[in-house]
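# Survey of secondary and tertiary structure
The lines below spell out each chain.
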Amino acid sequence: MTVCFRGIEGAAVVLTLSQRGVYCSAGSACTSDGQVESAVLSAMSVPLHFIHGAVRFSLSTNTTEQEIDHAIREIVRAVAHVRRVQT
């Protein structure tokens with residue numbers, strides 16, 4: 001699942017979350033080959049200021065509801081933190 005945060009860098013969110021025990025990736029899977037932006041998100045007409053804030057999360061059948069709740073809380077905190085330091 002990809003979530004795009006307007007006006008902030010996804011890499012900063014990823015770094016902040018990794019320090020809080022939530023692991024994810026910046027951008028989309030199709031940017032892993034060194035592309036600057038996601039061709040898929042661009043084709044979907046996602047504005048560039050959202051594409052740069054793209055963060056990809058993966059779930060499995062073993063992911064618990066408690067882990068998801070924890071991740072949501074930390075995502076909210078991480079995005080707020082990045083917004084404060086990037087402005």
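Worth saying up front: this structure is predicted, and the values here are computed from it rather than measured. (Residues numbered from 1 in each chain as written. Predicted model: local features only at pLDDT ≥ 70, side-chain atom pairs only at ≥ 80, totals over all residues. Heavy atoms only, no water.)

### A closer look at the sheet that holds strand β1 (residues 2-4)
- Spatial strand order, β1-β3-β2: three strands in an open sheet with antiparallel pairing. Every other strand in the sheet has two partners, leaving β1 and β2 (25-26) as the edge strands with one partner each.
- Both β1 and strand β3 (residues 54-56) contribute to a ladder of three bridges, which runs antiparallel. Bridge pairing links Val3 to Val55 in β3. (Pairing = 2+ DSSP bridges. Helix = DSSP H or I, 4+ residues; strand = E, 2+ residues; numbered from the N terminus.)

### Quick look at the layout of surface pockets
- In this model, the largest pocket occupies a volume close to 340 Å³.
- If you go around the largest pocket, you meet 15 residues; those closest to its centre are Val22, Ser58, Leu59, Glu67 and Ala71.
- In terms of residue count, the dominant contributor to the lining of the largest pocket is helix α4 (residues 65-86) (six residues).
- Residues belonging to the lining of the largest pocket are distributed by class as follows: ten nonpolar, four polar and one charged. (1 Å grid on protein atoms, 1.4 Å probe; cavity = no way out; pocket = protein on both sides within 12 Å on 5 of 7 lines; lining within 4 Å. Points joined across faces, edges and corners; volume = space filled by probe spheres on them. Nonpolar A, V, L, I, M, F, W, Y, C, P; charged D, E, K, R; others polar.)

### Regarding the side chain of Glu74
- Here Glu74 shows up in helix α4.
- Of note is the side chain of Glu74, whose polar atom sits 3.0 Å from the side chain of Arg77.
- Each residue touching Glu74, except ones within four places of it in the same chain, is listed here: Leu17, Arg20 and Val22. (Polar contact = N/O pair within 3.5 Å; in protein donor to acceptor, adjacent residues only side chain to side chain. Contact = heavy atoms within 4.5 Å.)

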